[in-house]
Amino acid sequence: MPLTLDRRSAPGARTGRLPATSRAELSHIALQLFVEHGFDETTVDDIAAAAGIGRRTFFRYFASKNDLPWGDFDDMIEGMRAHLQATPEDVPLMAALRAAVLEFNRFPAAEIPYHRRRMELLLNVPTLVAHSTLRYAAWRGAVAEFAARRLGMAEGELEPQAIGWALLAASMSAYEQWLRRDDADLLALLDSSFEVLERAFASP
(Lines give C-alpha, C1' and ligand atoms only; values in the text may rest on other atoms or scores of the structure.)
Protein backbone atom coordinates (compact mmCIF):
# COMPACT_ATOMS: atom_id res chain seq x y z
CA MET A 1 0.00 0.00 0.00
CA PRO A 2 0.39 3.16 -0.07
CA LEU A 3 0.71 2.82 2.49
CA THR A 4 4.65 4.49 3.48
CA LEU A 5 7.11 6.11 3.53
CA ASP A 6 10.53 7.85 4.22
CA ARG A 7 12.11 9.21 1.08
CA ARG A 8 15.65 9.81 2.27
CA SER A 9 18.73 7.68 1.82
CA ALA A 10 19.65 4.97 4.31
CA PRO A 11 21.60 5.95 7.43
CA GLY A 12 25.19 4.83 7.79
CA ALA A 13 26.61 2.32 10.23
CA ARG A 14 25.61 2.93 13.80
CA THR A 15 29.08 2.58 15.33
CA GLY A 16 30.48 5.94 16.36
CA ARG A 17 27.87 7.98 14.50
CA LEU A 18 25.99 11.03 15.71
CA PRO A 19 22.52 10.61 17.28
CA ALA A 20 19.58 10.24 14.90
CA THR A 21 18.19 13.65 14.00
CA SER A 22 15.26 12.95 11.66
CA ARG A 23 12.08 10.89 11.49
CA ALA A 24 13.40 9.15 8.38
CA GLU A 25 16.63 8.08 10.06
CA LEU A 26 14.90 6.92 13.23
CA SER A 27 12.41 4.92 11.16
CA HIS A 28 15.26 3.25 9.26
CA ILE A 29 17.02 2.28 12.50
CA ALA A 30 13.81 0.83 13.91
CA LEU A 31 13.09 -1.14 10.74
CA GLN A 32 16.51 -2.75 10.95
CA LEU A 33 15.94 -3.71 14.59
CA PHE A 34 12.49 -5.09 13.81
CA VAL A 35 13.96 -7.32 11.08
CA GLU A 36 16.83 -8.51 13.28
CA HIS A 37 14.95 -9.06 16.55
CA GLY A 38 11.24 -9.04 15.72
CA PHE A 39 8.70 -6.24 16.10
CA ASP A 40 7.19 -7.37 19.38
CA GLU A 41 10.59 -8.12 20.90
CA THR A 42 12.03 -4.67 20.10
CA THR A 43 11.23 -1.94 22.64
CA VAL A 44 11.17 1.82 22.38
CA ASP A 45 14.20 1.87 24.68
CA ASP A 46 16.05 -0.46 22.28
CA ILE A 47 15.33 1.86 19.38
CA ALA A 48 16.28 5.00 21.29
CA ALA A 49 19.56 3.43 22.43
CA ALA A 50 20.44 2.33 18.89
CA ALA A 51 19.65 5.83 17.61
CA GLY A 52 21.71 7.50 20.32
CA ILE A 53 18.79 9.51 21.68
CA GLY A 54 16.75 9.54 24.89
CA ARG A 55 13.27 8.10 25.34
CA ARG A 56 11.77 11.59 25.61
CA THR A 57 13.37 12.60 22.31
CA PHE A 58 11.98 9.47 20.66
CA PHE A 59 8.44 10.55 21.48
CA ARG A 60 9.03 13.93 19.86
CA TYR A 61 9.36 12.05 16.58
CA PHE A 62 6.76 9.29 16.97
CA ALA A 63 3.76 8.83 19.25
CA SER A 64 4.33 5.08 19.58
CA LYS A 65 6.41 2.16 18.33
CA ASN A 66 3.52 1.22 16.04
CA ASP A 67 3.92 4.50 14.16
CA LEU A 68 7.58 3.93 13.27
CA PRO A 69 7.11 1.77 10.17
CA TRP A 70 4.82 4.43 8.69
CA GLY A 71 7.55 7.09 8.69
CA ASP A 72 6.33 10.32 7.08
CA PHE A 73 3.01 8.85 5.93
CA ASP A 74 0.91 11.83 7.06
CA ASP A 75 3.08 14.24 5.07
CA MET A 76 2.84 11.95 2.06
CA ILE A 77 -0.96 11.95 2.27
CA GLU A 78 -0.90 15.74 2.18
CA GLY A 79 1.45 15.54 -0.80
CA MET A 80 -1.01 13.28 -2.62
CA ARG A 81 -3.84 15.70 -1.87
CA ALA A 82 -1.77 18.55 -3.29
CA HIS A 83 -0.93 16.49 -6.38
CA LEU A 84 -4.62 15.74 -6.97
CA GLN A 85 -5.61 19.35 -6.32
CA ALA A 86 -3.17 20.49 -9.01
CA THR A 87 -4.44 17.97 -11.60
CA PRO A 88 -6.11 19.72 -14.57
CA GLU A 89 -9.86 19.26 -14.78
CA ASP A 90 -9.63 17.72 -18.24
CA VAL A 91 -7.69 14.71 -16.92
CA PRO A 92 -10.17 11.83 -16.46
CA LEU A 93 -10.92 10.82 -12.87
CA MET A 94 -9.26 7.39 -12.95
CA ALA A 95 -6.24 8.64 -14.87
CA ALA A 96 -5.74 11.40 -12.29
CA LEU A 97 -5.98 8.97 -9.37
CA ARG A 98 -3.70 6.46 -11.09
CA ALA A 99 -0.99 9.10 -11.61
CA ALA A 100 -1.31 10.37 -8.03
CA VAL A 101 -1.00 6.91 -6.50
CA LEU A 102 2.04 6.09 -8.63
CA GLU A 103 3.67 9.31 -7.48
CA PHE A 104 2.76 8.50 -3.87
CA ASN A 105 4.66 5.22 -4.19
CA ARG A 106 7.71 6.55 -6.01
CA PHE A 107 10.85 6.12 -3.87
CA PRO A 108 14.56 6.66 -4.52
CA ALA A 109 16.59 3.50 -5.08
CA ALA A 110 18.27 3.75 -1.66
CA GLU A 111 14.90 3.69 0.07
CA ILE A 112 13.52 0.58 -1.66
CA PRO A 113 15.12 -2.00 0.70
CA TYR A 114 13.68 -0.15 3.71
CA HIS A 115 10.30 0.12 2.05
CA ARG A 116 10.26 -3.65 1.47
CA ARG A 117 10.99 -4.26 5.15
CA ARG A 118 8.33 -1.75 6.10
CA MET A 119 5.62 -3.35 3.98
CA GLU A 120 6.52 -6.88 5.07
CA LEU A 121 5.98 -5.74 8.65
CA LEU A 122 2.79 -3.81 7.96
CA LEU A 123 1.20 -6.69 6.10
CA ASN A 124 2.28 -9.52 8.39
CA VAL A 125 2.71 -8.39 12.01
CA PRO A 126 -0.72 -8.71 13.70
CA THR A 127 -0.18 -5.67 15.94
CA LEU A 128 0.64 -3.51 12.93
CA VAL A 129 -2.15 -4.94 10.77
CA ALA A 130 -4.64 -3.78 13.40
CA HIS A 131 -2.90 -0.41 13.76
CA SER A 132 -3.03 0.09 9.97
CA THR A 133 -6.78 0.63 9.89
CA LEU A 134 -6.63 4.37 10.61
CA ARG A 135 -3.75 4.89 8.17
CA TYR A 136 -5.60 3.15 5.36
CA ALA A 137 -8.71 5.15 6.17
CA ALA A 138 -6.72 8.38 5.77
CA TRP A 139 -5.42 7.21 2.38
CA ARG A 140 -8.90 6.22 1.22
CA GLY A 141 -10.18 9.56 2.47
CA ALA A 142 -7.79 11.47 0.21
CA VAL A 143 -8.94 9.41 -2.77
CA ALA A 144 -12.66 9.71 -1.93
CA GLU A 145 -12.33 13.45 -1.35
CA PHE A 146 -10.96 13.97 -4.86
CA ALA A 147 -13.44 11.57 -6.45
CA ALA A 148 -16.35 13.29 -4.71
CA ARG A 149 -15.20 16.69 -5.91
CA ARG A 150 -14.98 15.44 -9.49
CA LEU A 151 -18.34 13.67 -9.32
CA GLY A 152 -20.15 16.53 -7.59
CA MET A 153 -21.00 14.37 -4.61
CA ALA A 154 -20.42 14.36 -0.87
CA GLU A 155 -17.29 12.47 0.18
CA GLY A 156 -19.31 10.04 2.29
CA GLU A 157 -21.58 8.91 -0.56
CA LEU A 158 -21.34 5.41 -1.97
CA GLU A 159 -19.53 6.07 -5.25
CA PRO A 160 -16.56 8.08 -3.89
CA GLN A 161 -16.18 5.62 -1.00
CA ALA A 162 -16.34 2.63 -3.36
CA ILE A 163 -13.61 4.19 -5.52
CA GLY A 164 -11.44 4.70 -2.43
CA TRP A 165 -11.85 1.08 -1.35
CA ALA A 166 -11.27 -0.22 -4.88
CA LEU A 167 -8.04 1.73 -5.30
CA LEU A 168 -6.78 0.59 -1.92
CA ALA A 169 -7.48 -3.04 -2.85
CA ALA A 170 -5.70 -2.63 -6.18
CA SER A 171 -2.69 -1.10 -4.43
CA MET A 172 -2.54 -3.84 -1.82
CA SER A 173 -2.70 -6.58 -4.45
CA ALA A 174 0.25 -4.95 -6.24
CA TYR A 175 2.22 -4.79 -2.99
CA GLU A 176 1.59 -8.46 -2.28
CA GLN A 177 2.98 -9.35 -5.71
CA TRP A 178 5.96 -7.04 -5.19
CA LEU A 179 6.93 -8.67 -1.90
CA ARG A 180 6.96 -12.11 -3.49
CA ARG A 181 9.85 -11.30 -5.86
CA ASP A 182 13.00 -9.34 -5.11
CA ASP A 183 13.30 -8.24 -8.75
CA ALA A 184 9.71 -7.01 -9.06
CA ASP A 185 9.04 -3.39 -10.06
CA LEU A 186 6.56 -1.83 -7.64
CA LEU A 187 5.47 1.01 -9.91
CA ALA A 188 4.94 -1.36 -12.85
CA LEU A 189 2.79 -3.62 -10.68
CA LEU A 190 0.76 -0.70 -9.38
CA ASP A 191 0.30 0.64 -12.90
CA SER A 192 -0.90 -2.77 -14.14
CA SER A 193 -3.29 -3.13 -11.21
CA PHE A 194 -4.78 0.29 -11.88
CA GLU A 195 -5.05 -0.45 -15.58
CA VAL A 196 -7.33 -3.36 -14.70
CA LEU A 197 -9.53 -1.03 -12.65
CA GLU A 198 -9.51 1.69 -15.28
CA ARG A 199 -10.68 -0.75 -17.94
CA ALA A 200 -13.42 -2.01 -15.65
CA PHE A 201 -14.63 1.49 -14.80
CA ALA A 202 -14.61 2.44 -18.48
CA SER A 203 -16.84 -0.47 -19.47
CA PRO A 204 -20.42 0.36 -20.54
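You'll find the structure just up there.
Draft legend 1. Summary view of the pattern of salt bridges. Following the criterion strictly, the structure yields 12 salt bridges and no others. The salt bridge involving Arg-55 is made with Asp-45; its shortest N-O contact spans 2.9 Å. Of the two residues, Arg-55 is situated in helix H3 (residues 55-61) and Asp-45 in helix H2 (residues 44-51); the sequence distance between them amounts to 10 residues. Asp-67 is paired through a salt bridge with Arg-135; the nearest N and O atoms lie 2.7 Å apart. Within this pair, whereas Asp-67 is found in the loop between H3 and helix H4 (73-85), its partner Arg-135 is found in helix H7 (residues 126-151), the two being separated by 68 residues in sequence. The burial state of Asp-67 is the same as that of Arg-135; both residues are buried.

Draft legend 2. Just H7, in detail. Over its 26 residues, H7 extends 37 Å from the first C-alpha to the last, a length consistent with the 38 Å expected when each residue adds 1.5 Å. The largest bend in H7 amounts to roughly 35° and is located at Ser-132. Gly-152 sits one or two residues past H7 and shows a positive phi near 70°.

Draft legend 3. View of helix H8 (residues 158-180). Helix length check: H8 (23 residues) gives 33 Å between terminal C-alpha atoms against 33 Å at 1.5 Å per residue, within 8%. Inspection of H8 places Pro-160, Ile-163, Gly-164, Leu-167, Leu-168, Ala-170, Ser-171, Met-172, Ala-174, Tyr-175, Trp-178 and Leu-179 among the buried residues, and these make up the whole buried set.

Draft legend 4. Structural view of the nonpolar core. Counting residues in hydrophobic clusters, the biggest one holds 57 residues, and the most contacted among them are Leu-26, Met-80, Leu-97, Trp-139 and Leu-167. No other element matches the 9 residues that H8 contributes to this core.

Draft legend 5. Geometry of the packing of aromatic side chains. In this structure the tally under the stated criterion is 7 aromatic pairs. Note on Phe-58 and Phe-59: the rings are 5.1 Å apart at their centroids and 90° apart in plane angle, and the pair reads as edge-to-face. The exposure class assigned to Phe-59 is partly exposed, which follows from its relative accessible area of 36%. Ring-pair connections join several aromatic residues into one group, and the members of that group are Trp-70, Phe-73, Phe-104 and Tyr-136. Between the NZ or CZ atom of Arg-23 and the centre of the ring of Phe-62, over which it lies, the distance is 4.3 Å. When the ring centre of Trp-178 is taken as reference, the NZ or CZ atom of Arg-116 above it lies at 4.3 Å.

Draft legend 6. Region of interest: the packing of helix H6 (residues 112-124) against H7. The N-to-C vectors of H6 and H7 enclose an angle of 100°; their axes lie 6 Å apart at closest approach. In terms of their interaxial angle, H6 and H7 are classed as roughly perpendicular. Here Leu-121, Leu-122, Leu-123 and Asn-124 of H6 come into contact with H7, specifically with Pro-126, Leu-128, Val-129, Ser-132 and Tyr-136. Per-class residue counts for the contact of H6 with H7 are 7 nonpolar, 2 polar and no charged.

Draft legend 7. Looking closely at the environment of Arg-150. As for its placement among the helices and strands, Arg-150 is situated in helix H7. Exposure remark for Arg-150: the relative accessible area of 22% places this residue in the partly exposed category. Taking the C-alpha atoms as reference points, Arg-150 and Leu-93, separated by 57 residues in sequence, lie 7.0 Å from one another. Setting aside residues up to four positions removed in sequence, Arg-150 forms contacts with Thr-87, Pro-88, Glu-89, Val-91, Pro-92, Leu-93 and Ala-96.

Draft legend 8. Highlighting the side chain of Thr-87. With respect to the helices and strands, Thr-87 occurs in the loop between H4 and helix H5 (93-104). By relative accessible area, which is 14% here, Thr-87 ends up buried. A distance of 3.0 Å separates a polar atom in the side chain of Thr-87 from the backbone oxygen of His-83. With residues near it in sequence (within four places) discarded, Thr-87 still touches Ala-96 and Arg-150.

Thresholds applied
- Residues numbered from 1 in each chain as written.
- Predicted model: local features only at pLDDT ≥ 70, side-chain atom pairs only at ≥ 80, totals over all residues.
- Heavy atoms only, no water.
- Salt bridge = Lys/Arg side-chain N within 4 Å of Asp/Glu carboxyl O.
- Helix = DSSP H or I, 4+ residues; strand = E, 2+ residues; numbered from the N terminus.
- Buried < 20%, exposed > 50% of the residue type's maximum accessible area, 1.4 Å probe, protein only.
- Expected span 1.5 Å × (residues − 1).
- Bend = angle between axes of the 7 residues up to and from the residue.
- Core = buried A, V, L, I, M, F, W, Y, C linked by side-chain atoms within 4.5 Å.
- Phe/Tyr/Trp six-rings, centres within 6.5 Å; stacked < 30°, edge-to-face > 60°.
- Lys NZ or Arg CZ within 6 Å of the ring centre and 35° of its normal.
- Axes fitted to C-alpha atoms, helices over the stretch in contact; angles between N-to-C directions.
- Parallel < 35°, antiparallel > 145°, perpendicular 65-115°, else oblique.
- Contact = heavy atoms within 4.5 Å.
- Nonpolar A, V, L, I, M, F, W, Y, C, P; charged D, E, K, R; others polar.
- Polar contact = N/O pair within 3.5 Å; in protein donor to acceptor, adjacent residues only side chain to side chain.

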